[in-house]
Amino acid sequence: MPRLSIIRSSQPVWLLPFVVVIVCLLSGLPLARLLYAGLRFSLQGKATGLFTEPATWIAIRNTLTTSVGGTAISVFLGATFAFVVTLTDFRGKSFFSFAFVLPMMIPPQVTALAWVQMSGPASPLLKTLGIAPPLGSPQPLYSLSGIALLLGVQHAPLVFLALKAGLGSLPRDGVEAARLAGASPLPVFRDIILPLAVPGLIAGAAIAFVSGVGNFGIPAILGIPASIYVLPTLIYSRLSSFGAGTFAEMSQLSMVIAVIAGLGLAVQQWALKGRDYRIIGLSGQNAAFSLGPFRLVAETGFCLVLFFVLAAPLAALVTSSLVPTYGVPLNLQTVSLDAYREILFRQSVTLTAFANSLFLAGTTACGLLLFTVLTAYLLARRPGKLANVITSLIEIPYALPGIVLAVAFILLFAAPLPLLNVSIYGTIWIILIAYFSSFFAVSLKPVASAFLQLDPSLEEAARLSGAGFGRRMRDILVPLIAPAAGASVILVFLIACSELTVSALLWSAGTQTLGVAIFNLDDSGSSDLASALSVLVVVMVILLMLMLEMLAKHLPRGVLPWRN
Amino acid sequence: MAQLILNHLSKDFGTGRAAVADLSLTVREGGFLALLGPSGCGKTTVLRMIAGFEQPTDGSILLGERTLADGSGSLPPEKRNMAMVFQSYALWPHMTVAQNVGYPLKVRGVSGAAWETRVRDALAVVRLEEFAMRRPAGLSGGQRQRVALARCLVTSPDVVLLDEPLANLDRHLKAAMEETFREFHARSGATMIYVTHDQGEAMALATDIAVMSEGRLMQVASPQEIYARPEGRIVGGLVGQGAILDLTLPDHGSRLVFWQAIEASFRQTAGPSRPVLVRPEHVVADPLGIVLQVVSCLFEGERFALSLRTAGGQSLKAYSATAMPCGILQPFVIRQGWLL
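The structure presented is a predicted model; accordingly, all values stated were derived computationally and were not measured.

## What about the overall build of chain B?
Helix and strand counts for chain B come out as 9 helices and 19 strands. Overall size of chain B, expressed as C-alpha extent along the three principal axes, is 75 × 45 × 35 Å. Looking at chain B as a whole, 51% of its 340 residues are labelled buried. Of all intrachain contacts in chain B linking residues separated by at least 6 positions in sequence, the fraction that spans at least 24 positions is 68%. About 14,900 Å² of surface is accessible on chain B, with carbon and sulfur atoms providing 51% of the total. Taking the 33 positively charged and 32 negatively charged side chains of chain B as two groups, their mean positions are separated by 4 Å.

Structure below.
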């Protein structure tokens, strides 16, 4: 008689333990370490030093001011845009959506740099156009309102996308039914559209707030020159002036950020809870109100907004990269490609940064895919409480501000590894592990939705054909989820390649990333080189996004952050 | 090959109510068994346990001398040498028709000329040779169904399972596919188990029908047997058209009751009543019969379907060649009934 094996499901026995171990190592361990350190230092009374310093309270106040201000701007921009794009007969919707979401994909330090190059008395762009303010006038962006404005612009797409997801589920016939029931456009908006939009609006605002609290690039470029500190930049400056109490301070400051961010996330969860409106009727065409003569006005208005938040800063960035020094106008005599030559062929710092970022992003994107495919398969085939816990554990490091995660990894790896007695602190490997942890959720999402969308009978048919787990993976499952896997790799690469927040805390000589290199070049006054490097990063971001656009029709819905 | 034995099979998903309860069934070698029942009766769970996708909570499944599953363990589906036609067909969209059909062979290490010959033969049976290089997306529903069938055929499996394979096809295609299934069964000689909620399909295709209700097996018999001599109210109500009358009949005597006895029972008022299944073809208008009221009269194409009501308020069905106005009283004779 053949031996019966106890197999209750399609997964091999090693799969669940494997995934659990990976998730614990990448997520559970650093989070637990941070929590432990924060609590221990607080209980031992070392907190008093930190929380009696006025600088701490000023940073907390600055953080809240800039995040709340940024959120208000994000909600205004994102909501206006979302309502007009989803509900009206506005033309060029896909182009405008792509352009509007682009700022989200551009690294924040690049956005900040571009805006600095666009404004102020020394702006090469304004000089070229002859409209620069007189020398000696202040740079208006080096202020709390400047930080808030840029946070608002950077995170407006988050509100836009959250709202669009809610409104996109409103099919045209829903609105038409309300019109036939006798409602004129205003009651339709009030009774049908607004109830659908409110959860998305709250959720979007909460995400924008959390992202604002955790943002490092913008306050670092705009705030540090003016000695305006928010919590993430305060942590950064404490680490730079390394002292005896640094670890204690850093872990406590991180806990403060984590608590503020956690409150924001809780609001988001609450807003979305029990309000899943995704399956209303047949998802046909979106509702369309006719704007009539206002259509041209709306379109012109949007073009103007996009000009100021996207075209002008990028033009300023390009201009700055083409002039020899900051403050020189661009013309036929001054134009030069020296900055590009410098960063691409001469400066070893930027070359190393390129090599490091490409290595880190490539390894993270491809390495994570292996874990991601196995995890996504497990989550799809074994839904339940455990799957929810695993999903949350994977999502927390991504939802947490990068600076908090970086501190967690510093605490975890500051001492040499047990048993091996090797320290990876200060090497590129600590950045790599932190990236694995931080971008697991980014990598997982496309693959997980592809697996969930897959008809389980496709795999069952392969089982009955006699194919074991490895064989099914290779022949059936992986080919079927390949587009989503491709999207996962490109998305992670895109985000990791220009990442600054995590690497800003974890880099040391020789392991700087592109994000760090841009920041350092700007910090040391080489704004032309910083701009040239930023231009290259923006070009790379746009190219990768276009690559994803081309994949889009093979992907499950909701995989690309800028499409619904 | 050998007979498939389900032995006191039970499955509980932990919902409080067993999905399948104590089901014992023997499918003879080369038989074509239809598992018939309303949706949610557990028939698909039985099929999935036979395939190995679900593990029985209790009981065992045997194929000849081989134990496929019992309460403690289960042979994984990939080792069972079975094949299945899924309701969604489950064709792999990234493979051509030939690759889909040939995949079970590829897994078994067949390649080259042998692979090509066997795939071509399988496709010939379902008459799809010229579609070998197409992808499933380029086929119609019926063609996809036939590809799924060819994939079952190619490895000569011991048991072929069919999970409501005609549910997604239109009526015209259904008839054609039923013919293909019959041909396939005759040709392959495999034991086939066919899950359906459509009794017409079950009657037309199967050599045996097993009726299930709420996780339990109600009756197994040939189509003719189950139509003429159903066991119990549930089977009587599920299989075929008809109405169940509660009549006062004597305890002894045969289960097939004729007009005299039925007529007598209508006059009888006292005594325990017993359920009698009356098929509409046995209810005919006749001046010698009892008077029934015509509740409704629907035109069905080849005849009219009547809904009737007795003086006692019980419902009956009948067929009529001519239309009858609603509400009129008309005498009918009930030629025969079956004591459930």
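Having put the structure on the table, let's press on.
## Some details on the UniProt feature "domain: ABC transporter" (unreviewed entry) in chain B
According to UniProt, the feature "domain: ABC transporter" (unreviewed entry) maps to residues 4-239 of chain B in the numbering used here. Helix makes up 36% of residues 4-239 of chain B and strand 26%, and the two end C-alpha atoms of the span are 25 Å apart.

## Structural notes on the pairing of strand β7 (residues 82-85) of chain B
All names here are of chain B. Here β7 shows a buried face lined by Met82 and Met84 and a second buried face lined by Ala83 and Val85. For β7 and strand β8 (residues 159-163), the ladder comprises 4 bridges, and the chain directions are parallel. Counterpart to Met82 in the pairing with β8 is Val159.

## Examining the domain arrangement of chain A
Residue and element names in this part refer to chain A. Segmentation of chain A into domains returns domain 1 (13-45 + 339-564) and domain 2 (56-336). One C-alpha centre belongs to domain 1, the other to domain 2; they are set 23 Å apart. Both faces considered, domain 1 and domain 2 share a buried interface measuring about 3,900 Å² in area, 77% of it formed by carbon and sulfur atoms. For the side of domain 1 that touches domain 2, the element with the highest residue contribution is helix α23 (residues 527-551), accounting for 14 residues.

## A few points about the sheet that holds β7(B)
Residue and element names in this part refer to chain B. On the basis of which strands lie adjacent, the open sheet formed by 6 strands has the order β7-β8-β9-β3-β10-β11 and mixed pairing. Both edges of this open sheet fall to β7 and β11 (216-221), since each of them pairs with a single strand only. The sheet shows a mean angle of 20 degrees between the axes of neighbouring strands, taken without regard to direction. Helix-sheet contacts for helix α4 (residues 141-153) involve β7 and β8, and the interaxial angle to β7 is about 175 degrees.

## Quick word on the environment of A:Leu222
All names here are of chain A. Looking at the secondary structure, you find Leu222 in helix α10 (residues 217-223). The exposure class of Leu222 is buried, given its relative accessible area of 0%. Beyond its immediate stretch of four places on either side in the chain, Leu222 contacts Ala112, Val116, Leu141, Tyr142, Gly146, Ile147 and Leu150.

## Side note on the UniProt feature "domain: ABC transmembrane type-1" (unreviewed entry) in chain A
Within the UniProt annotation, "domain: ABC transmembrane type-1" (unreviewed entry) is assigned to residues 60-268 and 354-548 of chain A. Counting secondary structure, residues 354-548 of chain A comes out at 81% helix and 0% strand; the distance between its end C-alpha atoms is 22 Å.

## Digging into empty space enclosed by the protein
With the rule as written, the count across this model stands at 6 cavities of 30 Å³ or more. In this model, the largest cavity occupies a volume close to 90 Å³. What lines the largest cavity is simply A:Ala461, A:Leu464, A:Ser465, B:Met82, B:Ala83, B:Met84, B:Phe86, B:Pro104, B:Arg108, B:Arg151, B:Cys152 and B:Thr155. Counting residues per element, the ones that place at least two in the lining of the largest cavity are α19 (456-464) of chain A together with β7 and α4 of chain B. With 3 residues, the top contributor of residues to the lining of the largest cavity is β7(B). Residue composition of the lining of the largest cavity, grouped by class: 8 nonpolar, 2 polar and 2 charged. Considering only enclosed or pocket space, the second largest cavity measures out at about 70 Å³ in volume. Taken together, A:Pro103, A:Ile106, A:Val110, A:Thr111, A:Ala114, A:Trp115, A:Val309, A:Leu310, A:Pro313 and A:Leu314 make up the full set of residues lining the second largest cavity. For the lining of the second largest cavity, the elements supplying multiple residues, two or more each, are α5 (108-118) and α13 (294-322) of chain A.

## Observations regarding the domain arrangement of chain B
Examined at the domain level, chain B breaks down into domain 1 (4-228) and domain 2 (243-339). Taking only C-alpha atoms into account, the centre of domain 1 of chain B sits 40 Å from that of domain 2 of chain B.

## Notes on the packing of aromatic side chains
Summed over all chains, the structure comprises 25 aromatic pairs over all chains. When the centroid spacing of 6.0 Å and the interplanar angle of 20 degrees are considered together, the rings of A:Phe409 and A:Phe413 count as stacked. Linking A:Phe409 with A:Phe413, this pair stays in helix α17 (residues 402-413), spanning 4 residues, or about one helical turn. A:Phe413 sits in the buried class, given a relative accessible area of 10%. Ring centres 6.4 Å apart and planes at 40 degrees place the aromatic pair B:Phe53 and B:Phe86 in the tilted group. Of this pair, B:Phe53 sits in the loop between α1 (43-51) and β4 (58-63) while B:Phe86 sits in the loop between β7 and α2 (97-107), and the two are 33 residues apart along the sequence. Side by side, B:Phe53 and B:Phe86 carry an identical accessibility label, which is buried. Three or more aromatic residues joined by ring pairs make a cluster, and in this case those are A:Trp14, A:Phe18, A:Phe371, A:Tyr377, A:Phe436, A:Phe451 and A:Phe469. Over the ring of B:Trp92 we find B:Arg151, and its NZ or CZ is 4.4 Å from the ring centre. Its guanidinium or amino end placed over the ring of B:Tyr227, B:Arg279 lies 3.9 Å from that ring's centre, counting from NZ or CZ.

## Some points on the interface of chain A and chain B
Contacts between chain A and chain B engage 26 residues on the former and 34 residues on the latter. For the pair chain A and chain B, the summed buried area comes to about 2,500 Å², and 60% of that belongs to carbon and sulfur atoms. Viewed at the interface, chain B and chain A are joined by 3 salt bridges. With a shortest N-O distance of 3.3 Å, B:Glu78 and A:Arg472 are connected by a salt bridge. Joining chain A to chain B, the criterion identifies 9 residue pairs in polar contact (both at pLDDT 80 or more). Class assignment for the residues of the side of chain A that touches chain B results in 13 nonpolar, 5 polar and 8 charged.

## Thoughts on the sheet that holds strand β16 (residues 304-309) of chain B
Residues and elements named next belong to chain B. Taken in spatial order, the 4 strands of this open sheet run β17-β16-β15-β18, and their pairing is antiparallel. On the outer flanks of this sheet lie β17 (315-320) and β18 (329-334), each paired with one strand and no other. Neighbouring strand axes in the sheet, compared pairwise and without regard to direction, differ in orientation by 55 degrees on average. Of the strand pairs in this sheet, β16 and β17 are connected by 6 bridges, and their pairing is antiparallel. Following the sheet pairing, Phe304 is matched in β17 by Ser320.

## Structural notes on the nonpolar core
A:Leu222, A:Phe451, A:Leu505, B:Leu4, B:Leu6, B:Leu161 and B:Ile193 are the most contacted members of the largest nonpolar core, which has 218 residues in total. Excluding residues within four positions of it along the chain, B:Leu4 makes contact with B:Leu25, B:Thr26, B:Val27, B:Ile50, B:Ile61, B:Leu62, B:Leu63, B:Leu68 and B:Ile193.

## Comments concerning α17(A)
Residues and elements named next belong to chain A. If you check α17, its first and last C-alpha atoms are 16 Å apart, about what 12 residues at 1.5 Å a residue would give, namely 16 Å. Burial runs high along α17: 12 of the 12 residues are buried. Among the residues of α17, those classed as buried are Gly402, Ile403, Val404, Leu405, Ala406, Val407, Ala408, Phe409, Ile410, Leu411, Leu412 and Phe413. Taken together, the buried residues of α17 touch α1 (15-43), α11 (231-240), α12 (246-272), α16 (385-399), α18 (428-453) and α21 (501-506).

## What to know about the packing of α1(A) against α16(A)
Residues and elements named next belong to chain A. In the contact formed by α1 and α16, the axes pass within 9 Å of each other and the chain directions differ by 40 degrees. Of the possible angle classes, the one that applies to α1 and α16 is oblique. With respect to the hand of their crossing, α1 and α16 are arranged in left-handed fashion. Contacts between α1 and α16 involve Leu16, Val19, Val20, Val23, Ser27, Gly28 and Leu31 on the former and, on the latter, Leu386, Ile390, Leu393, Ile394, Ile396 and Pro397.

About the thresholds
- In this convention, every chain numbers its residues from 1, walking through the sequence in written order.
- Chain letters start at A and ligand numbers start at 1, both assigned in the order the entries are written.
- Reporting in this predicted model follows two pLDDT cut-offs: at least 70 for local features of residues, and 80 or more for side-chain atom pairs to be given and counted; totals over whole chains, interfaces and linings ignore these cut-offs and use all residues.
- Remark: hydrogens and water are excluded; side-chain values derive from all non-hydrogen atoms of the structure.
- Runs of H or I in DSSP of at least four residues are treated as helices and runs of E of at least two as strands, each being numbered from the N terminus.
- Relative accessible area decides the class of each residue, using a 1.4 Å probe on protein chains only: under 20% of the type maximum gives buried, over 50% gives exposed, and in between gives partly exposed.
- In what follows, residue pairs with any heavy atoms lying within 4.5 Å of each other are defined as contacts.
- Surface exposure here means Shrake-Rupley accessible area, sampled with a 1.4 Å probe, where a residue is shielded only by the protein chains that are shown.
- A positive count includes Lys and Arg, and a negative count includes Asp and Glu. His and the chain ends are not counted in either.
- For charged residues, the charge sits on one atom: NZ in Lys, CZ in Arg, CG in Asp, CD in Glu.
- UniProt positions are given in the numbering used here, feature names are shortened, and annotations may be inferred rather than shown by experiment.
- Only when DSSP finds a minimum of two bridges between them are two strands counted as paired.
- By convention here, the domain bounds are inherited from an automatic or database domain assignment.
- A quick way to say it: buried area is the sum, across both parts, of accessible area lost when two parts are put together, with a 1.4 Å probe.
- Inter-axis angles, ranging from 0 to 180 degrees, are taken between N-to-C directions of lines fitted to C-alpha atoms, where helices are fitted over the stretch in contact.
- Cavities and pockets are defined on a 1 Å grid built over the protein atoms alone: a cavity is a set of grid points where a 1.4 Å probe fits but cannot escape, while a pocket is an open set with protein on both sides within 12 Å along at least five of seven lines, and lining residues are those with an atom within 4 Å of any such point.
- Grid points are joined across faces, edges and corners, and a volume is the space filled by probe spheres set on the points.
- All amino acids are sorted into three groups, where Ala, Val, Leu, Ile, Met, Phe, Trp, Tyr, Cys and Pro are nonpolar, Asp, Glu, Lys and Arg are charged, and the leftover types, Gly among them, are polar.
- When two rings of Phe, Tyr or Trp (its six-membered ring) have centres within 6.5 Å they constitute a pair, described as stacked for plane angles under 30 degrees, edge-to-face for angles over 60, and tilted for the intermediate range.
- Two conditions define a charge sitting above a ring: the NZ of Lys or the CZ of Arg must be within 6 Å of the ring centre, and it must be within 35 degrees of the ring normal.
- Any Lys or Arg side-chain nitrogen found within 4 Å of a carboxyl oxygen on Asp or Glu counts as a salt bridge.
- In protein, a polar contact requires one atom able to donate a hydrogen and another able to accept it; more generally it is a pair of N or O atoms within 3.5 Å, and residues adjacent in sequence count only if both atoms are side-chain atoms.
- Here the nonpolar core consists of buried residues drawn from Ala, Val, Leu, Ile, Met, Phe, Trp, Tyr and Cys, with membership extended through side-chain atoms lying within 4.5 Å.
- One fewer than the residue count of a helix, multiplied by 1.5 Å, yields its expected span.
- Angles are sorted into four bins: roughly parallel if under 35 degrees, roughly antiparallel if over 145, roughly perpendicular if 65 to 115, and oblique for all others.
- Here a crossing is taken to be left-handed if its near helix is turned anticlockwise relative to the far helix by less than a right angle, and right-handed if that turn runs clockwise.

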